[in-house]
Amino acid sequence: MKQTEVTVVRLYLNEGEAQLENLLKRLHDWEKVKGVSVFRGIAGFGDSGEIHTSKFIDLGMELPLVVEFFDTPQKVEAIMEHISTTMKPGHMLSWSAQINENE
Amino acid sequence: MKQTEVTVVRLYLNEGEAQLENLLKRLHDWEKVKGVSVFRGIAGFGDSGEIHTSKFIDLGMELPLVVEFFDTPQKVEAIMEHISTTMKPGHMLSWSAQINENE
Amino acid sequence: MKQTEVTVVRLYLNEGEAQLENLLKRLHDWEKVKGVSVFRGIAGFGDSGEIHTSKFIDLGMELPLVVEFFDTPQKVEAIMEHISTTMKPGHMLSWSAQINENE
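This one's a predicted model, so the numbers in the text were calculated from it and none came from an experiment. Within each chain, residues carry numbers counting from 1 in the order of the written sequence. Labels are handed out in written order, letters beginning with A for the chains and numbers beginning with 1 for the ligands. Local features in this predicted model are restricted to residues of pLDDT 70 or higher, and side-chain atom pairs are both shown and tallied only at a pLDDT of 80 or more, whereas totals for entire chains, interfaces and linings draw on every residue. Values shown for side chains rest on all heavy atoms present in the structure; no hydrogens or waters enter the calculation.

Draft legend 1. Here's a closer look at the interface of chain A and chain C. Between chain A and chain C, the contact holds 30 residues from the first and 29 residues from the second. The buried area of a pairing is the accessible area, by a 1.4 Å probe, that goes missing from both parts when the two are put together, added over both. Buried area between chain A and chain C, both sides added, is near 2100 Å², and the carbon and sulfur share of it is 61%. When a carboxyl oxygen of Asp or Glu lies within 4 Å of a side-chain nitrogen of Lys or Arg, that pair is called a salt bridge. Applying the counting criterion to the chain A and chain C interface returns one salt bridge. The partner of Glu-68 of chain A in a salt bridge is Arg-10 of chain C, and the shortest N-O contact between them spans 3.1 Å. Put simply, the parts of the chain that give the side of chain A that touches chain C at least two residues each are β1 (3–13), α1 (17–30), β2 (36–40), β5 (65–71) and β6 (92–100) of chain A. Tallying contributions element by element places β6 of chain A first for the side of chain A that touches chain C, with six residues. Residue classes follow a fixed rule: Ala, Val, Leu, Ile, Met, Phe, Trp, Tyr, Cys and Pro count as nonpolar, while Asp, Glu, Lys and Arg count as charged, and any other residue, Gly among them, counts as polar. Of the residues assigned to the side of chain A that touches chain C, the class counts are 14 nonpolar, eight polar and eight charged. Two residues qualify as a contact provided that any one of their heavy atoms is within 4.5 Å of a heavy atom in the partner residue. Under the DSSP-based scheme used, a helix requires at least four consecutive residues in state H or I and a strand at least two consecutive residues in state E, with every element numbered from the N terminus.

Draft legend 2. Inspection of the relation of the copies chain A and chain C at higher detail. For the pair chain A and chain C, the superposition axis carries a translation of 0.0 Å, the fit reaches an RMSD of 0.0 Å, and the rotation angle comes to 120 degrees. Expressed as an axis order, the relation between the two copies is that of a three-fold axis. Considering only C-alpha atoms, the part of chain A nearest the rotation axis is Phe-39 of chain A, at 4.7 Å. Our superposition of the copies is a least-squares fit, built on the C-alpha atoms of residues whose pLDDT is at least 70 in both.

Draft legend 3. Expanded view of the interface of chain B and chain C. At the junction of the two partners, chain B supplies 28 residues and chain C supplies 29 residues. Both sides of the chain B and chain C interface together cover about 2100 Å² of buried area, and 61% of this is carbon and sulfur. Of all residues in chain B, Ile-42, Phe-45 and Leu-93 of chain B bury the most surface against chain C, accounting for 29% of the area lost on that side. Applying the counting rule to chain B against chain C returns one salt bridge.

Draft legend 4. Focus on the relation of the copies chain B and chain C. Taken as rigid bodies, chain B and chain C are interconverted by a rotation of 120 degrees and an axial shift of 0.0 Å, the fit giving an RMSD of 0.0 Å. Interface residue correspondence from chain B to chain C reaches only 14%, placing this contact among heterologous pairings that use different surfaces.

Draft legend 5. The arrangement of the packing of aromatic side chains in detail. Between 30 and 60 degrees the pair is tilted, below 30 it is stacked and above 60 it is edge-to-face, where a pair is any two Phe, Tyr or Trp rings, Trp via its six-membered ring, whose centres lie within 6.5 Å. Enumeration over the complete set of coordinates arrives at six aromatic pairs over all chains. Each residue in the set Trp-95 of chain A, Trp-95 of chain B together with Trp-95 of chain C is aromatic and connected to the rest through ring pairs, giving one cluster.

Draft legend 6. Representation of empty space enclosed by the protein in the model. Computed over the protein atoms alone on a 1 Å grid, cavities are sets of points where a 1.4 Å probe fits but cannot get out and pockets are open sets with protein on both sides within 12 Å along at least five of seven lines; a residue lines them when it has an atom within 4 Å of a point. Grid points are joined across faces, edges and corners, and a volume is the space filled by probe spheres set on the points. Under the definition given, this model contains one cavity of 30 Å³ or more. Roughly 30 Å³ of volume is contained in the largest cavity. A class-by-class count of the residues in the lining of the largest cavity yields three nonpolar, no polar and six charged.

Draft legend 7. Spatial organisation of the pairing of strand β2 (residues 36–40) of chain C. Relative accessibility decides the category of a residue: with a 1.4 Å probe and only protein chains considered, values under 20% of the type maximum give buried, values over 50% give exposed, and everything between is partly exposed. Counting buried residues along β2 of chain C, four of its five residues qualify, which places the element largely inside the surrounding structure. Two strands pair if DSSP finds at least two bridges between them. Pairing analysis gives three bridges linking strand β3 (residues 43–45) of chain B to β2 of chain C, with the strands arranged antiparallel. Its bridge partner lying in β2 of chain C, Gly-44 of chain B is registered against Ser-37 of chain C. Bridge count for β2 of chain C against strand β5 (residues 65–71) of chain C is five bridges, and the pairing is antiparallel. Bridge pairing links Phe-39 of chain C to Val-66 of chain C in β5 of chain C.

Draft legend 8. Layout of the pattern of salt bridges. As enumerated under the stated definition, the model contains twelve salt bridges over all chains in all. The salt bridge partner of Arg-26 of chain C is Glu-31 of chain C, with a shortest N-O separation of 3.6 Å. On the basis of relative accessibility, which here comes to 9%, the residue Glu-31 of chain C falls in the buried class. What emerges from the salt-bridge pattern is a single network uniting Arg-10 and Glu-68 of chain A, Arg-10 and Glu-68 of chain B together with Arg-10 and Glu-68 of chain C.

Draft legend 9. Representation of the nonpolar core in the model. Counting 30 residues, the largest nonpolar core has Leu-93 and Trp-95 of chain A, Leu-93 and Trp-95 of chain B together with Leu-93 of chain C as the members making the most contacts within it. Filtering out sequence-adjacent residues up to four positions away, Leu-93 of chain A remains in contact with Val-8, Val-9, Arg-10 and Tyr-12 of chain A together with Val-6, Val-8, Phe-70, Ala-97, Gln-98 and Ile-99 of chain B. In plain words, nonpolar cores are sets of buried Ala, Val, Leu, Ile, Met, Phe, Trp, Tyr and Cys residues tied together by side-chain atoms within 4.5 Å.

Draft legend 10. Structural context of unusual backbone geometry. Residue and element names in this part refer to chain A. A positive phi angle, close to 55 degrees, is found at Lys-32, a residue other than glycine. Its location among the elements puts Lys-32 in the loop between α1 and β2. Given a relative accessible area of 54%, Lys-32 falls into the exposed group.

Right under this line is the structure:
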């Protein structure tokens, strides 16, 4: 099995669906990332300091929204530069990992 | 773009909502973690060895519950010491990553 | 607190529930992994290039499905060799992390 190095990114959104839609379009249309997954948490707390749980969904409170993708370190570095202006400090996490390649 | 090192933690809970509530309060009120996200899986298996899927939600079976947060390595190390007594062995995962900072 | 090194694996499935069921059985019955968590995203895009969101769930479109587990580096390496033939290139992510042990 051959493996190659990638950088994994997790973006923690806090402006809800509108920010998500723009980000997905950007990653898809402009940055040409191969794959992106979006996960919604069932509870959490962030900048506001308030603990949110899914019990409050109907009240319109925001639950954690995480956008995850990975690509070559060079490509991810460029993408992070591009989107860093739209991300709050401490909301863009990245680390190195390995991915399986064609044999 | 400036980046700084953090330690990411993922806690795999297996006692359900009660354990979650205590943990969130602790991380929020005592440990002053900046942000925490909680995710629920749709299937999984753990200590019991039984495979659980969301088909069994209504039967009260436990689905995976993951609490995720990150902070400076020093702060996370202290937090992990504090909560390690309440976490089963093999249920507290951590690794190093980078986070975006103020420019 | 004692810690030991593990390898974390995230498998990005794209054939839906059938692939998931086979994989869970394999990881559970054959590979004897201690714990596995499965998460479903609410949106994403992958090989097809189409952006999927949960709005399309009822139309039978596939949302991201991620299988996550961790174990000793040696055991994970063997497991990844075994399952690599069933995983598309670029869909099996792994990285090193620490796990809490018995004190």
